[in-house]
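Each chain, written out:
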Amino acid sequence: MAASRVAQVTVSSDVRSEDYDGVVVVTDHITRLEGDPLLQPLLPALHCFAKINQNMEKEVSIIQTDAVPSGRLVYSPTGPLNRDFDDVRRFSEAAEKGIKRAVEAGCRKPLLVQPVDKSFEKSDYATLLGALHALYVPLEVWEACEERRRKVEVLGVMCGSLAMGTPTGLDVVMALETGRTVTRDIGGSDPERMAAPRVADYIRQTFKGTCVKVEVVEDRAEIEKEFPLMAAVNRAASVVKRHQARLVFLEYRADGPIDKTLFLVGKGITYDTGGADIKAGGVMAGMHRDKCGAAAVAGFFKVLAELKPSGLRVVGGLPFVRNSVGEESYVADEIITSRARKRVRVGNTDAEGRMVMADVLCKFKEMAAEAVNPELFTIATLTGHAVRAMGPNYSIIMDNGPARKLHTSYRLQEVGEVYGDPFEISTIRREDYEFHKGKSEYEDILQCNNQPSTATPRGHQSPSAFLIMTSGMDQHGVDSNQPYPYSHLDIAGSSGPFPGIPTAAPVVAMAACYVLPRLK
């Protein structure tokens, strides 16, 4: 379903083709076009416009010209590319703005042009991904308004070195976009369209007939027995049939020998009221986006299904739960025994994300004992502190000791920089473990304090220690006989604006790190 919703893209080598009703140029300066004979027909109109608009290199402009059949030329500048703080997102942002302007001007068949540019290694990928982001149509709109299903009929591409049919070309970008579409669909859709039972159905349909296996756990008794922390969060929602929890497991296994196994847990809170510690003061709006971690994991699996990398096995666990409030709500002061037999005292019901992930992480820890070269991850829109600490637009990654030895954070940060899916690195410290130690004889672990994460020192770092301690991963650190690399990703800042379209972070970076190097 997701693949059919991505804009149709064709490769072109002629800006004067009558197949297109507008040309969108993305570059840092019009002089960049001078070295490409295919683009030189555009230069007279651009030079002429530059004489009457001194802001041409600072804003999106639409120019009338006879150089292209449609007469429409959209110039979308990246701005300077040579400063310390410039990165490849200059291209994706300019492409997004340029395509939006072309659509507003009435283009239904725009041609996206990015001259060959060696400023950044993957500027062509970033450019096309930015344009495709602009063309995404929300799932609810797609389903309800047939006349609004497509913003364009076709998108032509003349971007750097992109070419159809190569392992590093247009086919890869389209696979990444298909994965991002799944992520946006799940992450951005409203609390009813993507209530847990319906998101499970969406995932089943998405992977029907593919190499990805889907298993859905919906029996409440099984969840209570195997995943007691998740069951606690589900209690209030479980009395409403359409809101009852679903635990979705996904698995991809490449043909042939396996040399790497990834275990991915994604936070899938379909709506977060805060529970009994209810979100007050108008901060509840937008909490349907608290499932973007699970959405990203599902999107990553869609990339796997499209590209089929060799040597890789990936297992995903997606606990979809609504953190409702009602007479069945779990409450602060409760003590719940986790799957790893740790007694957890609830400190705040609005810290539900770590609760639903901890037992799934524990299950994957158990599976890791029989896995080849395992790495484990949790991915979540977990804390407001992540946004306060690093600002919007950046995923945060934290490694345990074994992952630090693999340089997991640095590898993802490096590849994210190349593809325009950036990371900031934080460190899990001893204070984070001490914060979550039980404060009395009753409990082993304190889930949370009763302050917002934004008002708590180390508010985005300490939850990683909770996940490690509660799942039993603390028995698999650098001091153990079975060390398992584990990294926690907080994507509260990078998941996207609200109101607005989810970014689908960190699907591209994860795919670039673990999938693209394995393509044949």
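As the structure is a prediction and not an experimental result, all values here were calculated from the model. (Residues numbered from 1 in each chain as written. Predicted model: local features only at pLDDT ≥ 70, side-chain atom pairs only at ≥ 80, totals over all residues. Heavy atoms only, no water.)

This paragraph deals with the pattern of salt bridges. According to the stated counting rule, one finds 36 salt bridges in the structure shown. For Arg242, the salt bridge goes to Glu192, with nearest N and O atoms at 2.9 Å. In this pair, Arg242 is assigned in the loop between helix H9 (228–234) and strand E8 (246–253) and Glu192 in the loop between helix H6 (170–188) and helix H7 (196–207), connecting sequence segments 50 residues apart. As a salt-bridge pair, Glu192 and Arg322 come within 4.0 Å of each other at their nearest N and O atoms. Taken together, the residues Glu192 in the loop between H6 and H7 and Arg322 in strand E11 (residues 312–323) connect sequence positions 130 residues apart. (Salt bridge = Lys/Arg side-chain N within 4 Å of Asp/Glu carboxyl O. Helix = DSSP H or I, 4+ residues; strand = E, 2+ residues; numbered from the N terminus.)

Contact geometry for helix H10 (residues 292–307) and helix H17 (residues 507–514): axes closest at 9 Å, N-to-C directions at 45°. As the angle between them shows, H10 and H17 are arranged oblique. In this structure, H10 crosses over H17, and the sense of that crossing is right-handed. Facing Ala296, Gly299, Phe300 and Val303 of H10, the residues of H17 in contact are Val507, Met510, Ala511 and Tyr514. Taken together, the residues of the contact of H10 with H17 sort by class into 7 nonpolar, 1 polar and no charged. (Axes fitted to C-alpha atoms, helices over the stretch in contact; angles between N-to-C directions. Parallel < 35°, antiparallel > 145°, perpendicular 65-115°, else oblique. Left-handed = near helix turned anticlockwise from the far one by under 90°. Contact = heavy atoms within 4.5 Å. Nonpolar A, V, L, I, M, F, W, Y, C, P; charged D, E, K, R; others polar.)

This part covers the packing of helix H11 (residues 352–368) against helix H16 (residues 462–471). When two helices pack together, their arrangement is given by the angle between the helix axes and by the axis-to-axis distance. Put simply, H11 and H16 touch, their axes get as near as 8 Å, and they point 50° apart. Considered as vectors, H11 and H16 are oriented oblique to each other. When the axes of H11 and H16 are compared, the crossing they make is right-handed. Judged by residue contacts, Arg354, Met355, Met357, Ala358, Leu361, Cys362 and Lys365 of H11 engage Pro463, Phe466, Leu467, Thr470 and Ser471 from H16.

Our next topic: the sheet that holds strand E3 (residues 61–64). With mixed pairing, 6 strands are arranged side by side in an open sheet as E1-E6-E5-E2-E4-E3. Each edge of the open sheet is held by one strand with a lone partner, namely strand E1 (9–11) and E3. Neighbour-to-neighbour, the strand axes of this sheet turn through a mean angle of 25°, independent of strand direction. On top of the sheet, helix H3 (residues 89–104) reaches strand E2 (22–27), E3, strand E4 (72–77), strand E5 (110–114) and strand E6 (155–159); it is set at about 150° to E4, its chief contact. Here helix H4 (residues 123–135) sits on the sheet and contacts E1, E2, E5 and E6; the angle it forms with E6, its principal contact strand, is near 160°. (Pairing = 2+ DSSP bridges.)

Turning next to H10. Under the 1.5 Å per step criterion, the end-to-end length of H10 is 22 Å for 16 residues, consistent within 8% with the ideal 22 Å. Among the 16 residues in H10, 15 count as buried, and that is most of the element. (Expected span 1.5 Å × (residues − 1). Buried < 20%, exposed > 50% of the residue type's maximum accessible area, 1.4 Å probe, protein only.)

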